[in-house]
Amino acid sequence: MSKENNIEGVRHSLAHLLAQTVKEMYPGSLNAIGPTIEDGFYQDFEVKGKISEDDLPKIEEVMREKLKEWTHFDKKEVSIEDAKEIFEDNKYKVELAEEFAEGGKTLTVYTCGGFDDLCKGGHADDLSQIDPKSFKLTRTAGAYWRGDEKNIMLTRIYGVAFTTETELEEYLERQELARDRDHKKVGREMELFFFDETAPGMAYWMPRGMILRNVLLDFWRRYHREIGYHETASPLINKKELYETSGHWQHYHDDMFTSEREEGEWWGLKPMNCPNAMQFWKQKTRSYRDLPLRFSDTDMLHRDEITGALNGLLRARSFQQDDSHNFVSEDQVKDEIAQILKITQDFYEVFGVAENVKLYLSTRPDKFMGDIETWDRAEAELKECLENSSFEWGLKDKDGAFYGPKIDIHLSDALGREWQCGTVQLDFQLPRNFKLTYSDKNGDHQTPVVIHRVLYGSIERFLAVYIEHTAGWLPFWVAPEQVRVLTINDSVADYVEGITTIFSDTLLMEPLKYNELRFSVDDRNESLGKKIKEATDLKIPLQLIVGPKDKEAGEVSVRTKDGESKIKLSELKEYLLNFK
């Protein structure tokens, strides 16, 4: 590929090529939008007929043939009248052209291979250098025009593109690994959770999944109790007046589940905890001696995510955040943020992924609450905290919350994919909205600053990322079932009883103190092979195989994902205490 070409330009060019190909293969079809995305591009169509994923290979082949005729893009600035004439048969392009014209934008049409498209530019400079084997159409999906469910459902065709065929093959291999690790698939196989069409976006948690959730929450609770956090719980449904005061009704109403009562009152399911946290502050008179004051909670939240955005536990409508709202004075902000970043380091080290964490400073969005001077000061303080931390960090411009800038916690998994989990948000606005005050050393009233922070992000999203990172092979202390004894026959019942006595006498101390072992015995009259397979499918980290020879030798056969070994019964407790 020539130096002039960049991969974003190549992907953008291929989106145009896809549009021309589909319009010619399916006469009467209309192309809507076709942007680049991570690793590739997509194009939306109103299709005459139907396109399924089985049709993608033949569309690909036509694209490769047509690519031979594509040399370069010609740019032409046009008036709104010219645009309407050029795209008189494409209502989507006319709508976009009118919108751009009203916004004062210059309208440009790009032509390549005899195909015109309304576009702002950004293509490959040398189309002859595009490797025809470096791209692939991957899937189809439904997409509402402009993302509005009231509009027509379009057919979206996704594609990926790289600089070489080798890079494409490597990407496809990673995708195959990702499918094997998909948390929805692994979660069902491990009997942790499942989803049902009767409650889209809301997980059913099975008994093993509840054990897993509770282990994470127990660790979270014990850790925070020891460092001065106070756990609370608040109503899951609230009157709209609470959200009007916070600003969420104005800024977030469309993403909430709301209901109108007969007497005209509006209520909303809680989409976040911060408005309720303000109410806890107001229950008594506060002074500077109370600060920092840290209210934590793990309430269930609900958000009305659009159907097309749902993705198992990664994007759900119901989820449980490990939340906290820390009330501080302005001169305590830096120390409090520094402590939170230390907690973040501790948490992710416990799960063995601290080196996979990267932080991002997310700055003022276009739609924001408050004054710019306060925002600038808040952003500067967060930046200084990041510069003084041990974390790698980057910038996400205009990605802050509407009430304040934030630090987003991203976690990279074993396949190199980056996911946002936790967040730390600096908020000067909500305390003002709720008229919160405290008395300073001079007896004067001051407004506290609130730091919103979550470490897991939500239990659901963290587990989704962590399951895919580990492929379900969770650390010993986290696993819902840590040990399973598999018997070869019933002649070892008394020996197994001695083994389970050792289990009952063994208490793990890290990271949860006095944590009893979670174990079971599979003494069914089934083949050993079947028992091993079932235990392996459930990703039980430690399997102990016990037969007559083991009983006679006073030992057990140990089976883990890394291999098999034998240990003496007298050494079993020490082995369990040190098993990771």
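Conventions adopted
- Residues numbered from 1 in each chain as written.
- Predicted model: local features only at pLDDT ≥ 70, side-chain atom pairs only at ≥ 80, totals over all residues.
- Heavy atoms only, no water.
- Buried < 20%, exposed > 50% of the residue type's maximum accessible area, 1.4 Å probe, protein only.
- Helix = DSSP H or I, 4+ residues; strand = E, 2+ residues; numbered from the N terminus.
- Pairing = 2+ DSSP bridges.
- Axes fitted to C-alpha atoms, helices over the stretch in contact; angles between N-to-C directions.
- Patch = residues over 30% accessible without salt bridge, like charges linked within 9 Å, V, L, I, M, F, W, Y side chains within 5 Å.
- Areas by Shrake-Rupley, 256 points an atom, 1.4 Å probe, with all protein chains shown as cover.
- Salt bridge = Lys/Arg side-chain N within 4 Å of Asp/Glu carboxyl O.
- Lys, Arg positive; Asp, Glu negative; His and termini not counted.
- Charge placed at Lys NZ, Arg CZ, Asp CG, Glu CD.
- Disulfide = S-S within 2.5 Å.

So, on to the pairing of strand S25 (residues 449-454). Across the six residues of S25, six count as buried, placing the element largely inside the fold. A two-sided burial pattern is seen for S25, the buried positions comprising Val449, Ile451 and Arg453 on one face and Val450, His452 and Val454 on the other. Bridge analysis of strand S18 (residues 323-328) against S25 gives six bridges, and the strand direction is antiparallel. Bridging across to S25, Asn326 finds its partner in Ile451. Bridge count between strand S22 (residues 418-427) and S25: five bridges; the pairing is antiparallel. When the sheet's bridge partners are listed, Gln425 is paired in S25 with His452.

We now examine the sheet that holds strand S14 (residues 266-269). The antiparallel open sheet is built from three strands, whose spatial order is S12-S14-S13. Strand pairing shows two members of the sheet lacking a second neighbour, strand S12 (237-239) and strand S13 (258-260), which therefore form its edges. When strand polarity is set aside, the average angle formed by the axes of neighbouring strands in this sheet is 25°. With three bridges connecting them, S12 and S14 associate as antiparallel partners. Bridge pairing in S14 links Asn238 to Gly268.

Time to look at a negative patch on the surface. A cluster of acidic residues, Glu81, Asp82, Glu85, Glu88 and Asp89, forms a negative patch at the surface. Topologically, Glu88 is positioned in the loop between helix H3 (80-86) and helix H4 (91-102).

Look at the link from Leu291 to Pro292: it is a cis peptide, with omega at -5°. Among the secondary structure elements, Pro292 is positioned in the loop between helix H10 (274-281) and strand S15 (293-297). Residues Glu510 and Pro511 are joined by a peptide bond in cis, for which omega reads -10°. Mapped onto the fold, Pro511 is located in the loop between strand S27 (507-508) and strand S28 (515-516).

We now examine the state of the cysteines. For the structure on display, the rule yields zero disulfides. Just so you know, Cys421 is unpaired, no disulfide at all, and the nearest cysteine sulfur is the one on Cys274, 19 Å from it. Classification of Cys421 by relative accessible area gives buried; the value is 7%.

Worth remembering: the numbers are spatial, not functional.
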